[in-house]
Amino acid sequence: MKSISAKYSGSQLLQKKYKEFERAVRVEEIDGLRLVKQLAQNMEEMFHKKAQAMKRLVEAAEEAHLQHEEDPDLQYEYFNAVLINEVDEEGNSVELGGEFVLQPNDHFNNLSVNLSLSVVQVPTNMYNKDSAIVNGVYWSEALNKVFVDNFEKDPSLIWQYFGSAKGFFRQYPGIKWKPDEHGVIAFDCRNRKWYIQAATSPKDVVILVDVSGSMKGLRLTIAKQTVSSILDTLGDDDFFNIIAYNEELHYVEPCLNGTLVQADVTNKDHFREHLDKLFAQGIGMLDVALTEAFNLLSDFNETGRGSECSQAIMLVTDGAVDTYDAIFAKYNWPDRKVRIFPYLIGRESAFADNLKWMACANKGYFTQISTLADVQENVMEYLHVLSRPKVIDREHDTVWTEAYIDSTLGIHGYAFAITNNGYILTHPDLRPLYGDGKKRRKPNYSSVDLSEVEWEDKDDTLRNAMVNRKTGTFSMEVTKSIDKGKRVLVLHNDYYYTDIEGTPFSLGVALSRGHGKFFFRGNVTIEEGLHDLEHPDVALADEWTYCNTDEHPDHRYLSQIEAIKLYLSGHEPQLKCDKELIQEVLFDAVVTAPLEAYWTSLVLNKSENSDKGVEIAYLGTRTGLSRINLFVVPDELTNQDFLTAEDKEGVFNADHFPLWYKRAAEQVPGTFVYSLPFTGSENKSVVLASTAIQLLDERKSPIAAAVGIQMKLEFFQKKFWTASRQCAALDGKCSISCDDENINCYLIDNNGFILVAEDYTLTGKFFGEAEGAVMNKLLHMGSFKRVTLYDYQALCWVFSESSGSGHTLLDPYFAFFSTIKWILTELVIFMVEFNLYSWWYSDLTTKAQRMGRSMQVPCDTEYPAFVSERTIKENMGHTDCDGCIKSFVIQQIPSSNLFMVVVDNKCDCSMFEPITMDPIEIMYNESLKCERLKMQKDRRRPDTCHPFHPEENSMECGGAMGLAPSLSAVLFCILLAVCPR
């Protein structure tokens, strides 16, 4: 098979051509620290430009708001993101709709957008013509010009956002919003991480929930929803705990008695699950609960484990018989460092004065929540209070969220960045979307810790150094899963890291020893390079940046090859390009040019490939240049996705080299790697064969390129069976043959996957599934070894028999009917006993429990991968199958990653369990769960903190007063999205 693969891939020709250019080549070792510092400087410049754009937006928003006087009768039409281009039954534009020009734009993922105007989205639970909304939309129209100017000055921007404290959301460029499958758009910008982090300083929060007998029924349901909404407003820089109280204290998570936990997505979801277990009974002892909350906040703050900034107590109750001033005097006065935010559940106002007094006396805010529909808007009020110090100081802290980095580092080199909390900002192993083509983000994708992808760093040495913004190096051996977790590479990585100045981020670069640390530069003339770069079979990596075509509007529609030509012409000084990378790609274009003529001659030779078994020959170089030659017409390709945009593993991406390139690079030089591609549909109809081209013979030399072919599986199998029978032609007779009915012959790769078997249904399966007893013996003999891998971003299927009262009532329709029942109950509250609430609510609960469904939830899994021992060329053995001896022989196929395995099939070994690669969920016992919850990894607090301001009016504390509509109480947040290119 090697001769066929070498012939059609042209590997020998390519190796010879690179040898001819050795004198023009300079091999160098990458200086990792210098590289990471240069990348960090580039990112600092990028973030600085984004910060300037945000500054322009903030200044424009403040000026526009100051110039506008609130008009309660203002009539103003605007473009509502949901209603644009909608018409009624008569064909007329609906109110707040109108004709809004939208055109597809590849800069915005080919979505239809309007580059001249923004659109406005209003949360579903708000009236889109409310006077506060209309006034805000009116004065914020001034941002349209700034949006457009920002995009012209920095075309690398994608989305620009403006989020208002009133709830409306302005987005540029304008785009149409579509409801979900239930006809609902649940988005509220004030719940988003970027809004909350920009609005408030880091905070420690204790939530007290009244579970006394008077809270039975719908009141408890509203209370749970209120707590859940409070959790929505907490971010990664915040810490919290929830305590339920009646005559006793009940920590919602008993394991976390006396401490606070970080408000990441996982922890918040964990507490939400425990909220469903709360039930109401007994008498409420608020004095005990307040005392516990103050002590908890004080102790946690003194240990230095919390935010060391703002602190608050959220009180969710249906009443308080006292003002508890003695407790506040003891624990909180005169400094009033802990703000109190009472939420009165229900329509009764008998205790409203007591609760409002608590808020006013402790720099907090009081709200009353009568129905489920009131929850979200009322919970938001506390954010306005916590934002006062920032607003008065006119502090505009820049908050950075998810970003993307371009990466062109090498086969096993990559860049990554983390936040001050140790969470991944960008990393090639971060999987933010659900698998299997679902374009939905995982709920916790932005809270994946670096230790969950670089999990071999058991002591968090690398992670903690980066969190603490140090500059340095670190080394460790890693096992990297590839090919959808079915294969593994064992590498020794050197890590280099430094901080990104002006941001809370740290940047790291990983380089694998050997190929990852060496590169070479080749010299050819520009004329030669351009001539060969323009050949029709040449393409450059789409996601790589050879030239920055986003910097100037005139360059935005240039291909990378067009940009390179323009740059080399010298007629466009504004075009910024990577000069060294361009010189290298020109060199590769010249060296690989003879392949085009070579492949063409094979196509023209009618005697070659007459059975059309070989379909594609392909080349990729370390500079992202690729050449592809088809030996059959496109419609005849067995696997038509290979090397197309849909084939994410087979083409050059921003964060990784093609899979066939990486695997070839790890083999002995001159060795071909054969494999079946694991596509989404488990395509087993083709075989890929690829080999690496090295500049020098030494192992440490850099990989120059990789070449390969795609062939039909049928063709490949036919060649194998023909070769296995050739012994008969040599000596006239084979002592044993694969045709013998007493043996089974297999061809497997170095990861144990079957390429050829007499039973065709086994093709593509793991050998341990077909021959568990033999595979088990091979593992004991050392021919193969098992590698345990971990996936801390996995999703596991669970069946939920009950959606839970709290979660069920999140459904907008269900919440609506529940609210109607609440109103009816209020009308007869004086005529029936209080447990009428329980009667209504039990009906709702019964319905909820019948709504079971399967769903994916985040989980941790471990799974095995298998790899052959390269030094063991052949082996034989036997295994006892209940008194019957099964014999086998394994032999490596020269110059390949393949092994032939011959197994005696006379014994029934079904008593041996098949060896599979199925992932197993890691089940944590209660003790371990508790330790994981309590464990607080190193984190770095944000540089700024605004807990109080002497000029803030603490008497703006809720009730009839409300918050004055002055600049000191106006909050808006702005977000820019960085283009992932």
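The structure reproduced in this document is the subject of the present report. These numbers were taken from a predicted model, which means no experiment stands behind them.

## Examining the overall build of the protein
Looking only at helices and strands, one finds 27 helices and 34 strands in the protein. Here the protein holds 981 residues, and the buried ones make up 55% of them. Long-range pairs, those at least 24 residues apart, make up 73% of the contacts in the protein between residues at least 6 apart in sequence. Carbon and sulfur atoms make up 51% of the accessible area of the protein, which amounts to about 43,700 Å² in all.

## Quick look at helix H17 (residues 579-592)
The terminal C-alpha atoms of H17, which comprises 14 residues, lie 20 Å apart, in line with the 20 Å expected from a rise of 1.5 Å per residue. Burial of H17 is extensive: eleven of the 14 residues sit out of reach of the surface. Looking at where H17 begins, the residue whose side-chain oxygen comes 3.3 Å from the main-chain nitrogen of Glu580 is Asp578.

## Some words on the pattern of salt bridges
Oppositely charged side chains are able to pair whenever their charged atoms sit close together. Applying the stated criterion across every chain, the model contains 39 salt bridges. The partner of Lys203 in a salt bridge is Asp238, with the nearest N and O atoms 3.0 Å apart. Here Lys203, found in strand E7 (residues 203-210), pairs with Asp238, found in the loop between helix H7 (218-232) and strand E8 (239-245); they are 35 residues apart in sequence, far enough to count as distant. Residue classification places Asp238 among the buried positions, given a relative accessible area of 4%. Each member of the salt-bridge network shares a partner with another, and the members are Arg521, Glu580, Glu584, Asp588 and Arg622.

## As for the pairing of strand E5 (residues 157-164)
Burial within E5 is extensive, with eight of its eight residues counted as buried. Inspection of the sheet shows E5 paired to strand E6 (residues 169-172) by four bridges, in the antiparallel sense. Looking at E6, one finds that Gln160 is bridged to Tyr172. In this structure, the hairpin formed by E5 and E6 is closed by a connection of four residues, where Gly167 is found at a positive phi of approximately 110 degrees.

## Here's the deal with the packing of aromatic side chains
If you walk through the whole model with that rule in mind, you get 49 aromatic pairs. On the basis of an interplanar angle of 45 degrees and a centroid distance of 5.8 Å, the ring pair of Phe108 and Phe151 is categorised as tilted. Of this pair, Phe108 sits in the loop between strand E2 (103-105) and strand E3 (111-113) while Phe151 sits in helix H5 (residues 143-153); the two residues are 43 residues apart in sequence, bridging distant segments of the chain. Given the relative accessible area of 1%, Phe108 is considered buried. Each member of the aromatic cluster is reached from another via a ring pair, and the members are Trp544, Tyr546, Tyr618, Phe642, Phe652, Phe657, Trp660 and Tyr661. It is Arg622 that lies over the ring of Phe520; its NZ or CZ is 3.9 Å from the centre. Residue placement shows Arg932 over the ring face of Tyr924; its charged tip is 4.1 Å from the ring centre.

## Observations regarding the sheet that holds strand E25 (residues 703-712)
Spatially, E20-E22-E21-E25-E24-E23 is the arrangement adopted by the six strands of the open sheet, whose pairing is antiparallel. Two strands in the sheet have a free side with no partner beyond their single neighbour: strand E20 (538-540) and strand E23 (673-675). Strand-to-strand twist of the sheet, defined as the mean angle between neighbouring strand axes without regard to direction, takes the value 20 degrees. Where strand E24 (residues 686-694) lies against E25, nine bridges are found, and the strand directions are antiparallel. The residue of E25 that forms the bridge with Thr691 is Val707. Contacts from helix H2 (residues 11-20) reach strand E21 (614-621), E24 and E25 within the one sheet, and its direction differs from that of E24 by about 15 degrees.

## Considerations on the packing of helix H15 (residues 526-533) against helix H16 (residues 560-569)
It is at 11 Å that the axes of H15 and H16 come closest, and there the two elements cross at 160 degrees. Classified by the interaxial angle, the pair formed by H15 and H16 is roughly antiparallel. Crossing of H15 against H16: the hand is left-handed. Taken together, the residues of H16 that come into contact with H15 (itself represented by Ile526, Leu530 and Leu533) are Ile561, Ile564, Lys565 and Leu568.

## Quick look at the side chain of Asn751
Counting through the fold element by element, Asn751 comes out in the loop between strand E26 (743-749) and strand E27 (754-757). Within the local environment of Asn751, its side chain forms a polar contact with the side chain of Arg487, the two groups lying 3.2 Å apart. A distance of 3.4 Å separates polar atoms of two side chains, one belonging to Asn751 and the other to Arg663. If we skip the residues at most four places from it in the chain, Asn751 touches Arg487, Val488, Arg663, Phe766, Phe784, Phe866 and Val867.

## Points about the sheet that holds strand E18 (residues 506-512)
Strand order in the open sheet made by the five strands is E15-E14-E18-E17-E16, with antiparallel pairing throughout. Here the strands that pair on one side only, and so sit at the sheet edges, are strand E15 (424-426) and strand E16 (472-482). The mean angle between the axes of side-by-side strands here comes to 35 degrees, regardless of whether they run parallel or antiparallel. Sheet topology note: the strand E17 (residues 487-499)/E18 ladder contains seven bridges and is antiparallel. If you follow Asp499 over to E18, its bridge partner there is Ser506. Its contacts with the sheet put helix H3 (residues 32-66) on strand E14 (414-418), E16, E17 and E18, and the angle it makes with E17 is roughly 65 degrees.

## Description of the nonpolar core
Among the nonpolar cores identified, the biggest contains 79 residues, and Tyr18, Tyr674, Met711 and Phe716 are the most heavily contacted of them. A total of eight residues in this core trace back to one element, the largest contributor, which is H17. Among the nonpolar cores identified, the runner-up in size contains 67 residues, and Tyr78, Ala81, Met126 and Trp177 belong to it.

## Notes on the environment of Thr124
In this fold, Thr124 is placed in the loop between strand E4 (119-121) and helix H4 (131-140). Classification of Thr124 as exposed rests on a relative accessible area of 55%. Considered as a pair, Thr124 and Asp188 are 64 residues apart in the sequence and their alpha carbons are 8.5 Å apart. Once residues lying within four places of it in the same chain are set aside, the contact partners of Thr124 are Val184 and Ile185. A polar contact is formed between the side chain of Thr124 and the backbone oxygen of Ile185, at a distance of 2.6 Å.

What counts, and where the lines are drawn
- Residues numbered from 1 in each chain as written.
- Predicted model: local features only at pLDDT ≥ 70, side-chain atom pairs only at ≥ 80, totals over all residues.
- Heavy atoms only, no water.
- Helix = DSSP H or I, 4+ residues; strand = E, 2+ residues; numbered from the N terminus.
- Buried < 20%, exposed > 50% of the residue type's maximum accessible area, 1.4 Å probe, protein only.
- Contact = heavy atoms within 4.5 Å.
- Areas by Shrake-Rupley, 256 points an atom, 1.4 Å probe, with all protein chains shown as cover.
- Expected span 1.5 Å × (residues − 1).
- Polar contact = N/O pair within 3.5 Å; in protein donor to acceptor, adjacent residues only side chain to side chain.
- Salt bridge = Lys/Arg side-chain N within 4 Å of Asp/Glu carboxyl O.
- Pairing = 2+ DSSP bridges.
- Phe/Tyr/Trp six-rings, centres within 6.5 Å; stacked < 30°, edge-to-face > 60°.
- Lys NZ or Arg CZ within 6 Å of the ring centre and 35° of its normal.
- Axes fitted to C-alpha atoms, helices over the stretch in contact; angles between N-to-C directions.
- Parallel < 35°, antiparallel > 145°, perpendicular 65-115°, else oblique.
- Left-handed = near helix turned anticlockwise from the far one by under 90°.
- Core = buried A, V, L, I, M, F, W, Y, C linked by side-chain atoms within 4.5 Å.

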